[in-house]
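Secondary and tertiary structure notes
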2 protein chains.
Amino acid sequence: MEKMPDKFEKASVPVQVIKINPAGASGVEDRVVVEKALTVYLNGEEFVTMICSPGQERELVTGFLCSEGVVSRPEELANMSFDHGEGLVWVETAGKSGLSEKLFLKRYLTSCCGKGRSSFYFANDARMARKIESDLKLTPRQALYFSSLLEEKSELFHLTGGVHSGALASRQGFDCFAFDIGRHNVLDKLYGWAFAQGYDLSREVLVFSGRISSEILIKTAKMGCPIIVARSAPTDLALDLARELGITVIGFARRDRLNLYTHPERVLVNP
Amino acid sequence: MEKMPDKFEKASVPVQVIKINPAGASGVEDRVVVEKALTVYLNGEEFVTMICSPGQERELVTGFLCSEGVVSRPEELANMSFDHGEGLVWVETAGKSGLSEKLFLKRYLTSCCGKGRSSFYFANDARMARKIESDLKLTPRQALYFSSLLEEKSELFHLTGGVHSGALASRQGFDCFAFDIGRHNVLDKLYGWAFAQGYDLSREVLVFSGRISSEILIKTAKMGCPIIVARSAPTDLALDLARELGITVIGFARRDRLNLYTHPERVLVNP
């Protein structure tokens with residue numbers, strides 16, 4: 001295996017994490033994957049905001065434009081210039097590709113605000129997500145129990161290898177369970193259930209099988225859940241947002257260990 | 001563990017698959033996860049098409065509308081009626097929620113055509129994806145080598161647990177490798193690379209770490225790759241599309257075994 005190319009090194013960053021296992025809790029440096037927004041301007045007009053890993057941005061934008069039918073031959077891509085710091089790229093095409101541009105509706109809901117990595121890139125989200133104030137607490141043992149219960153309940157769906165799952169949990173155990181091929185849909189199903197029941201989500205732990213991206217974190221904030229326990233990894237942008245929005249993020253909660261990333265005050269390490 | 005509720009049973013369907021392992025090849029029935037399109041009409045206007053697992057559709061739509069700020073109190077959801085066969089739902093809200101509806105830009109690129117599960121739900125895709133004619137062939141051994149090479153090359157990124165990876169492979173090995181937090185972005189990065197190089201993708205195998213959903217399959221078709229080898233599971237809708245579009249789908253390619261789902265004529269089981 002060759003050395004990791006430099007262009008890939010920026011794909012992850014160090015973070016401080018509290019690792020908790022049967023031997024106790026210890027603060028260590030770990031690495032999480034970087035997530036960034038890249039807004040594409042096509043012939044002067046905002047076209048799409050892609051949420052991506054850094055690296056191979058030129059290939060990403062080119063491939064996306066090919067895939068959407070905006071360009072079909074290399075010479076149609078007249079120019080592409082990047083502002084990597086702000087996450088912006090300007091693309092000029094040589095021919096008129098009016099049809100595709102008109103057919104195209106933005107992949108994401110709104111534009112990138114371009115004001116920095118941890119800013120909201122969805123206008124609607126900026127309006128709706130607010131800092132969560134909740135004195136809900138849990139122990140590492142509870143978090144691991146929820147994680148293993150999720151795994152157990154997902155067992156039958158694991159046969160097909162193709163779905164994510166999630167639950168809303170309280171002291172009584174799981175109040176609602178959902179699964180879906182789409183990560184976001186899992187949260188929407190839980191949210192919809194709680195909304196219809198009039199549940200107070202500031203007292204519920206969100207348990208999730210998948211990765212915690214910024215979009216998942218924002219949805220958690222909108223739901224109003226103060227704690228998310230995931231079996232997988234968070235991204236750096238999700239952790240930035242979690243710090244700002246007052247959400248406790250627990251990742252890699254499997255078997256007898258977990259990583260505590262943000263707002264540790266809700267986790268009773270030595271109850 | 002309780003019995004699987006009936007509402008979850010429709011989440012997977014049986015398919016015929018050729019399982020290949022060191023003992024040989026055998027045709028068996030296996031199950032794959034169901035993927036369906038659900039188009040939401042909000043107060044008479046088409047609002048969004050969600051790609052989801054069947055089950056808990058009411059919760060899904062409710063949660064999505066909450067999440068997007070369309071409704072904020074249960075009484076604002078005046079009515080919701082489903083046509084499950086066609087994958088349509090009509091929602092009426094009690095109050096005016098003009099702002100959110102205007103802010104909202106469709107989550108997916110175009111509307112659901114509503115003509116059945118295996119139809120294209122992206123207008124742009126219908127225009128661009130055409131049946132792949134390629135006499136490219138590979139052996140199970142090659143497919144497994146590509147899968148293990150992908151795993152090996154992804155090793156460093158696995159540290160962070162948060163990315164998908166993919167490659168374009170030919171007889172010479174990998175011609176291009178990409179990784180990203182977004183599954184679609186991986187394919188776009190590979191497509192963009194091949195496009196700029198003027199590569200003939202009808203001679204390349206697409207190797208992929210993630211699940212093969214319909215959107216991944218459609219992108220594979222647009223790229224023109226005749227064979228996709230994935231380490232994870234396909235969905236039923238992706239397999240329907242693969243049959244129509246002439247793409248060989250190999251899933252669960254890990255260690256010494258794989259599943260061959262569609263167009264087996266490109267796999268030389270006994271070379």
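Structural notes, computed from the coordinates. Residue positions are counted from 1 within each chain, in the order its sequence is given. Going through the entries in the order they are written, you letter the chains from A and number the ligands from 1. Two thresholds apply to this predicted model, a pLDDT of at least 70 for residue-level local features and 80 or more for giving and counting side-chain atom pairs, whereas whole-chain, interface and lining totals are computed over all residues. Side-chain descriptors were evaluated using all non-hydrogen atoms of the structure, hydrogens and water having been removed beforehand.

**Quick look at the overall build of chain A**
By definition, any uninterrupted DSSP run of H or I lasting at least four residues is a helix, any uninterrupted run of E lasting at least two residues is a strand, and each is numbered from the N terminus. Helix and strand content of chain A: 9 helices and 12 strands. Taking as baseline every contact in chain A between residues at least 6 positions apart, the subset at least 24 positions apart corresponds to 50%. Of the accessible surface of chain A, which amounts to about 11000 Å², a share of 49% is contributed by carbon and sulfur atoms. Here a residue-residue contact requires only that any non-hydrogen atoms of the pair lie within 4.5 Å. Only the protein chains shown count as cover for residues, and the accessible areas themselves come from Shrake-Rupley with a 1.4 Å probe.

**Digging into the packing of helix α8 (residues 214-223) of chain A against helix α9 (residues 236-245) of chain A**
Two quantities define a packed helix pair, namely the angle between the helix axes and the distance between the axes. Residues and elements named next belong to chain A. Lines fitted to C-alpha atoms define the axes, with helix axes restricted to the stretch in contact, and inter-axis angles between N-to-C directions lie between 0 and 180 degrees. Running from N to C, α8 and α9 cross one another at 20°; their axes reach a closest spacing of 8 Å. For the element pair α8 / α9, the angle class is roughly parallel. Here the hand of the crossing between α8 and α9 comes out right-handed. Of the residues in α9, those touching α8 at Ser214, Leu217, Ile218 and Ala221 are Leu237, Ala238, Leu241, Ala242 and Leu245. In the contact of α8 with α9, the residues fall into 8 nonpolar, 1 polar and no charged. Note on angle classes: values under 35 degrees are labelled roughly parallel, values over 145 roughly antiparallel, values of 65 to 115 roughly perpendicular, and the remainder oblique. The crossing is said to be left-handed when, going from far helix to near helix, the turn is anticlockwise and less than a right angle, and right-handed when the turn is clockwise. For this classification, Asp, Glu, Lys and Arg are treated as charged, while Ala, Val, Leu, Ile, Met, Phe, Trp, Tyr, Cys and Pro are nonpolar and the rest, including Gly, are polar.

**Here we look at unusual backbone geometry**
Residue and element names in this part refer to chain B. Unusually for a residue other than glycine, Asn43 sits at a positive phi of about 50°. Within the secondary structure layout, Asn43 lies in the loop between β3 (36-42) and β4 (45-52). Exposure remark for Asn43: the relative accessible area of 35% places this residue in the partly exposed category. Its identity as a non-glycine residue notwithstanding, Arg255 has a phi of 50°, on the positive side. Note on placement: Arg255 falls in the loop between β11 (248-254) and β12 (257-260). The rule is simple: take the accessible area with a 1.4 Å probe, protein chains only, and divide by the maximum for that residue type; under 20% is buried, over 50% is exposed, in between is partly exposed. Relative accessible area serves as the criterion here: at 78%, Arg255 is assigned to the exposed category.

**Focus on helix α2 (residues 57-67) of chain B**
A turn of α-helix holds 3.6 residues, and therefore any two residues three or four places apart point the same way. Residue and element names in this part refer to chain B. Of all 11 residues that make up α2, 9 are buried, and the element is covered over most of its length. Restricting attention to buried positions, one finds in α2 the residues Glu57, Leu60, Val61, Thr62, Gly63, Phe64, Leu65, Cys66 and Ser67. Just downstream of α2, Gly69 is the residue with a positive phi angle, here 80°.

**Observations concerning the pattern of salt bridges**
Whenever Lys or Arg places a side-chain nitrogen within 4 Å of a carboxyl oxygen from Asp or Glu, that contact is recorded as a salt bridge. Counted under the stated rule, the structure contains 20 salt bridges over all chains. With a shortest N-O distance of 2.8 Å, Asp188(A) and Lys219(A) are connected by a salt bridge. One end of the pair, Asp188(A), is in helix α7 (residues 183-197); the other, Lys219(A), is in helix α8, and 31 residues separate them in sequence. No difference in accessibility class separates Asp188(A) from Lys219(A), as the two residues are buried. With its nearest N and O atoms 3.2 Å apart, the salt bridge here joins Asp256(B) to Arg257(B). Salt bridges here are not isolated pairs; linked through shared partners, they connect Arg73(A), Glu75(A) and Glu76(A).

**Details of the sheet that holds strand β5 (residues 77-83) of chain A**
All names here are of chain A. The 4 strands are arranged β4-β3-β6-β5 in an open sheet whose pairing can be described as mixed. The open sheet has two free edges, formed respectively by β4 (45-52) and β5, since each of these has just one partner strand. Sheet twist, expressed as the average angle between the axes of neighbouring strands with direction ignored, equals 20°. A pair of strands is treated as paired once DSSP finds two or more bridges between them.

**What to know about the pairing of strand β11 (residues 248-254) of chain A**
For a regular strand, side chains alternate in direction, first toward one face of the sheet and then toward the other. Residues and elements named next belong to chain A. With 5 of 7 residues buried, β11 is to be regarded as a mostly interior element. Alignment of strand β10 (residues 227-230) against β11, held across 3 bridges, turns out to be parallel. In the sheet register, Ile228 faces β11, and the bridge partner there is Val249. The parallel pair β10 and β11, bridged by α9, forms a crossover whose chirality is right-handed. When β11 meets strand β12 (residues 257-260), the two strands line up antiparallel, connected through 3 bridges. The partner of Ile250 across the bridge, within β12, is Leu260. Where β11 hands over to β12, the hairpin turn is made up of 2 residues, of which Arg255 adopts a positive phi near 50°. A crossover counts as right-handed when, viewed with the strands pointing away from the observer, the path leading from the first strand over the helix to the second turns clockwise.

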